[in-house]
Amino acid sequence: MDRIENLVSTWIRPEIRALSPYHVADATGLVKLDAMENPYTWPEGLVDAWLERLRGVQVNRYPDAAAHELKARLRENMALPEGMDLLLGNGSDEIIQMLALALDGPSATVLAPEPTFVMYRMIATFARVEYVGVPLREGFELDATAVLEAIDRYSPSVVFLAYPNNPTGNLFDEAAMEAVIDAAPGLVVVDEAYHAFADRSYLGCLPDHPNLLVMRTLSKLGLAGLRLGLLAGRPELLNELEKVRLPYNINSLTQVSAAFALEHQAVLDEQTATIRRERERLGAALGELAGVRPYPSAANFILFRVPTGSADRVFQGLKDNGVLIKNLHGAGGALSDCLRVTVGTPEENDAFLEALGRVLQAF
Ligand SMILES: *Cc1c(COP(=O)(O)O)cnc(C)c1O
């Protein structure tokens, strides 16, 4: 074996070597409906005011390690319940990583229903923590009985519940959620990455459950490029996670830009409202197409099923017609024959629907 291969095989953990790097599809020249981004930018006057604000940032200095101003702004905008605190991450992905690095317990296990957000499993692997996935029921509903059994068996340090769930788009049943939160011996993180598109949230329930944490992100709200996620919960828990947070994880440009955007929350809210209206229109239009079954969504994307064995051809056909979405067929299991489309602008959604109609007709 040559030297470099030897270095890799001797000094890199086998479970890391077995992974593939997180794949981001090239969207050059395509209508980009694959990544749950908000398709809207800001009005020109707002961009000017933002750039003016950035002029005052001293990039020769380290950022405010505690992000005081940004946190104060977040607290106010989200109406954080009394007595609760915030932890900030470079995207919520980094918060998942902090949790995985800090957790302990009899088995140091992360548990999540599946299919769900893939980073829970990936980050558990990076952090040498066990991961247990519990299948969702028919219709992607949370299987409280199965989760409770798994909780009994593995005593997980943390349970992740994406609410609404990605990639399925639904909000789990409240009674099932409560049962899991009550039964979990360790932490329960309700991941509300899509809260802006849903009418329900667990933020107000934080005072009722000491083991509950609510995670959110500004990514799906229209600030994906800034990378800012947050975890809300009891200061006693967050103070421990603070110790594994890298001191300057939220850079100066992000702190200032996010605070600025949150001062103009009404602009984001208006965009969100438009996306929600388009989601309803898109869902109804998908339901009209023969052979297509859209699932109900409380997020800014729609999961849909196509005729058995056709997902790869539909995905490629759309791409050939200039539209990039996400093909979930490769994940197998409950996601066989499933694709996920992000809700775009009305024009983008029309382009998608027209392309999909054309592709299906060619079968
Ligand atoms: C997109 C997404 C995230 C990650 O958000 P970032 O803040 O951009 O890292 C977290 N959870 C779920 C369920 C998501 O879909």
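Above this note sits the structure.
Q: Pulling in residues and values, what's your account of empty space enclosed by the protein?
A: Taken as a whole, this structure holds 1 cavity of 30 Å³ or more when the rule is applied. One number sums up the size of the largest cavity: a volume of about 40 Å³. Forming the boundary of the largest cavity are A65, A66, A67, K71, L88, E242, R245, N249 and I250. Of the residues that constitute the lining of the largest cavity, the class distribution is 5 nonpolar, 1 polar and 3 charged.

Q: I'd like a description of the packing of aromatic side chains, backed by residues and values.
A: For the structure on display, the rule yields 9 aromatic pairs. With a centroid separation of 5.3 Å and 75 degrees between ring planes, the pair formed by W42 and W50 is classed as edge-to-face. Arranged with centres 4.4 Å apart and planes meeting at 15 degrees, the rings of Y62 and Y248 form a pair that is stacked. With Y62 in the loop between α3 (44-55) and α4 (68-78) and Y248 in the loop between α10 (235-242) and α11 (252-263), this pair connects stretches of sequence that are 186 residues apart. Residue classification places Y62 among the exposed positions, given a relative accessible area of 65%. Ring pairing ties together the aromatic residues W42, W50 and F260, which thus form one cluster. Directly above the aromatic system of F301 lies the positively charged group of R340, at a separation of 5.8 Å from the ring centroid.

Q: So what about the pairing of strand β3 (residues 109-114)? Which residues, and what values?
A: Of all 6 residues in β3, 5 are buried, a share of seventy percent or more. By the bridge criterion, 6 bridges tie β3 to strand β4 (residues 130-135) in an arrangement that is parallel. By the bridge assignment, E114 is partnered in β4 with P135. Where the polypeptide runs from β3 across helix α6 (residues 119-126) and back to β4, its parallel neighbour, the crossover connection is right-handed. Pairing between β3 and strand β5 (residues 158-162): 2 bridges, direction parallel. Residue pairing across strands places L111 opposite V159, the latter belonging to β5.

Definitions and cut-offs
Along each chain, the written sequence defines residue order, and numbers are assigned to residues from 1. Reporting in this predicted model follows two pLDDT cut-offs: at least 70 for local features of residues, and 80 or more for side-chain atom pairs to be given and counted; totals over whole chains, interfaces and linings ignore these cut-offs and use all residues. Side-chain figures throughout are based on the complete set of non-hydrogen atoms in the structure, without hydrogens or water. The definitions used throughout rest on a 1 Å grid laid over the protein atoms alone, on which a cavity is an enclosed set of points accommodating a 1.4 Å probe that cannot get out and a pocket is an open set flanked by protein within 12 Å on both sides along at least five of seven lines; lining residues are those having an atom within 4 Å of a point. Grid points are joined across faces, edges and corners, and a volume is the space filled by probe spheres set on the points. In this count, Pro and Cys sit with the nonpolar residues alongside Ala, Val, Leu, Ile, Met, Phe, Trp and Tyr, while Asp, Glu, Lys and Arg are called charged and the others, Gly among them, polar. The pairing test for Phe, Tyr and Trp rings, Trp by its six-membered ring, is centres within 6.5 Å, and the orientation test on the planes gives stacked under 30 degrees, edge-to-face over 60, and tilted for anything in between. Where helices and strands are cited, they refer to DSSP runs of H or I of at least four residues and of E of at least two residues respectively, numbered from the N terminus. Only protein chains enter the calculation, and the probe is 1.4 Å; a residue is then buried if its accessible area is under 20% of its type maximum, exposed if over 50%, and partly exposed in between. Lysine and arginine charges are scored as sitting over a ring when NZ or CZ, respectively, is within 6 Å of the ring centre and within 35 degrees of the ring normal. We treat two strands as partners when DSSP finds at least two bridges between them. Think of it like this: strands point away, you trace from the first strand over the helix to the second, and a clockwise trace means the crossover is right-handed.

Shape descriptors only; they carry no functional weight alone.
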